[in-house]
Amino acid sequence: MKKSLLVLGLAVAAFTSCSNDEVLDINKNTNITFDSFVNKGTRAVTQTTNADIARIYVYGSYGDTDVFSNVEVNKVVGTGWTYENPVAWTANNYKFAAYATANTSSKLTSNISYDKASGSLTFSDYVPTNANDLVAAVTSVNNTGLANETVNLTFKHLLAKVQFAFTNSA
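Chains are numbered independently. Their residues run from 1 in the order of the written sequence. At least 70 in pLDDT is required for a residue's local features to be given in this predicted model, at least 80 for side-chain atom pairs to be given and counted, and no such filter applies to totals for whole chains, interfaces and linings, which use all residues. Hydrogens and water are ignored here; the side-chain numbers use all heavy atoms of the structure.

In this structure, what is going on with the packing of aromatic side chains? I would like to understand it.
Within a pair of aromatic rings, the relevant descriptors are the distance that separates the centres and the angle that separates the planes. Aromatic rings from Phe, Tyr and Trp, with only the six-membered ring used for Trp, were paired whenever their centres fell within 6.5 Å, and each pair was classed as stacked if the ring planes differed by under 30 degrees, edge-to-face if by over 60, and tilted otherwise. Counting across every chain of the model gives 12 aromatic pairs. Centre to centre, the rings of Y59 and Y114 are 5.2 Å apart; their planes meet at 20°, and the pair counts as stacked. In this pair, Y59 is assigned in strand 2 (residues 55-62) and Y114 in strand 6 (residues 112-115), connecting sequence segments 55 residues apart. Of the two residues, Y59 and Y114, neither departs from the other in class, the shared state being buried. Residues W89 and F96 carry aromatic rings whose centres are separated by 6.3 Å and whose planes lie at 85° to one another, so their mutual orientation is edge-to-face. Per residue, the accessibility class of W89 equals that of F96, and both read buried. Taken together through their ring pairs, the aromatic side chains of F34, Y62, F68, Y83, W89, Y94 and F96 make up a single cluster. Numbering of helices and strands runs from the N terminus, with a helix taken as a DSSP run of H or I at least four residues long and a strand as a DSSP run of E at least two residues long. Relative accessibility under 20% of the residue-type maximum defines a buried residue, over 50% an exposed one, and the middle range a partly exposed one, all with a 1.4 Å probe and only protein chains included.

It is not clear to me how the nonpolar core should be interpreted in this structure. Could you clarify?
Residue types Ala, Val, Leu, Ile, Met, Phe, Trp, Tyr and Cys, when buried and joined through side-chain atoms within 4.5 Å, form a set referred to as a nonpolar core. Within the largest apolar cluster, 23 residues are counted, with the highest numbers of intra-cluster contacts made by I32, F34, I56, F68, F96 and L153. For this core, the elements supplying multiple residues, two or more each, are strand 1 (34-38), strand 2, strand 3 (65-76), strand 5 (93-100), strand 8 (134-142) and strand 9 (151-159). Of all the elements, strand 5 adds the most residues to this core, at four residues. Any pair of residues with heavy atoms lying within 4.5 Å of one another is described as a contacting pair. Filtering out sequence-adjacent residues up to four positions away, L153 remains in contact with F34, D35, S36, F37, I56, F96, A98, A137 and T139. Grouped together as the second largest cluster of nonpolar side chains are 10 residues, Y59, Y114, L121 and A136 included.

Please explain the pairing of strand 5 as it appears in this structure.
Side chains on a regular strand alternate between the two faces of the sheet. Strand 5 sits mainly inside the fold: six of its eight residues count as buried. Two strands make a pair as long as DSSP finds a minimum of two bridges between them. With five bridges connecting them, strand 2 and strand 5 associate as antiparallel partners. What sits directly across from Y57, in strand 5, is Y99. As judged from the eight bridges shared by strand 5 and strand 8, these two strands associate in the antiparallel manner. Counterpart to A98 in the pairing with strand 8 is A137.

I'm lost on the sheet that holds strand 8 in this one. Help?
Through backbone hydrogen bonds, the strands of a sheet pair up, either in parallel or in antiparallel fashion. The seven strands lie next to each other as 1-9-8-5-2-3-4, forming an open sheet whose pairing is mixed. Both outer strands of the open sheet, strand 1 and strand 4 (80-82), are each paired with one neighbouring strand and no more. On average, adjacent strands in this sheet sit at an angle of 30° to one another, irrespective of strand direction. Bridge analysis of strand 1 against strand 9 gives five bridges, and the strand direction is parallel. Paired with S36 across the bridge in strand 9 is L153. Simply put, an axis is a line fit to the C-alpha atoms, just over the touching stretch for a helix, and the angle between two N-to-C directions goes from 0 to 180 degrees.

Even after reading the chapter, I still don't get the side chain of S36, so can you show me in this structure?
With respect to the element layout, S36 can be found in strand 1. Pairs of N or O atoms within 3.5 Å make up the polar contacts considered here, provided that, within protein, one atom can donate a hydrogen while the other can accept it, and that residues adjacent in sequence are counted only when both atoms are side-chain atoms. Looking at S36, its side chain comes within polar contact range of the side chain of W81, at 3.4 Å.

Would you mind showing me how to read the side chain of S61 here?
Within the secondary structure, S61 is located in strand 2. Separated by 3.0 Å, the side chains of S61 and Y114 make a polar contact. Contacts of S61, omitting those with residues within four sequence positions, involve D66, V67, N93, Y94, K95, Y114 and K116.

I tried to follow the pairing of strand 7 (residues 120-123) on my own but got confused; where do I start?
Both strand 6 and strand 7 contribute to a ladder of four bridges, which runs antiparallel. Its bridge partner lying in strand 7, Y114 is registered against L121. Once strand 6 ends, the chain turns through four residues before running back antiparallel as strand 7, passing G119 with a positive phi of about 75°.

Geometric values such as these leave the question of function open.
This is the structure in structure tokens:
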């Protein structure tokens, strides 16, 4: 009887010790994703809305590390925003800044700078065209817990084409 209990105990120990299951924190949504909203803060002639923006240009960093540097992010109808060479989340505090030039969707190169420390964009010597306005967004995401949330970019109008109508009552 003692011998069969000993064999049974050894069998149970062997089955429980040979498990290959390991519990890992698996990051299910590893890539940084974006969502956008355009704040309607002006009464522009050609008011830019979220539907008008086909692409945005994103800067992003954590600490001294650049994650995005004027990267083109394109809207794909029905699926959201996409970009080449997806970037995976890491456990850090991120700062993001983005801009769009509305329907023209042109990339700025020489008259824009991004400050990693403050997460701000600076537009110097920007000459607007006669087409729509310039919108920009700045936000931060604390991803130290690997929440992998979508980066919500709330764009605000920086420049807008406005039209004034005067009437002479004299």
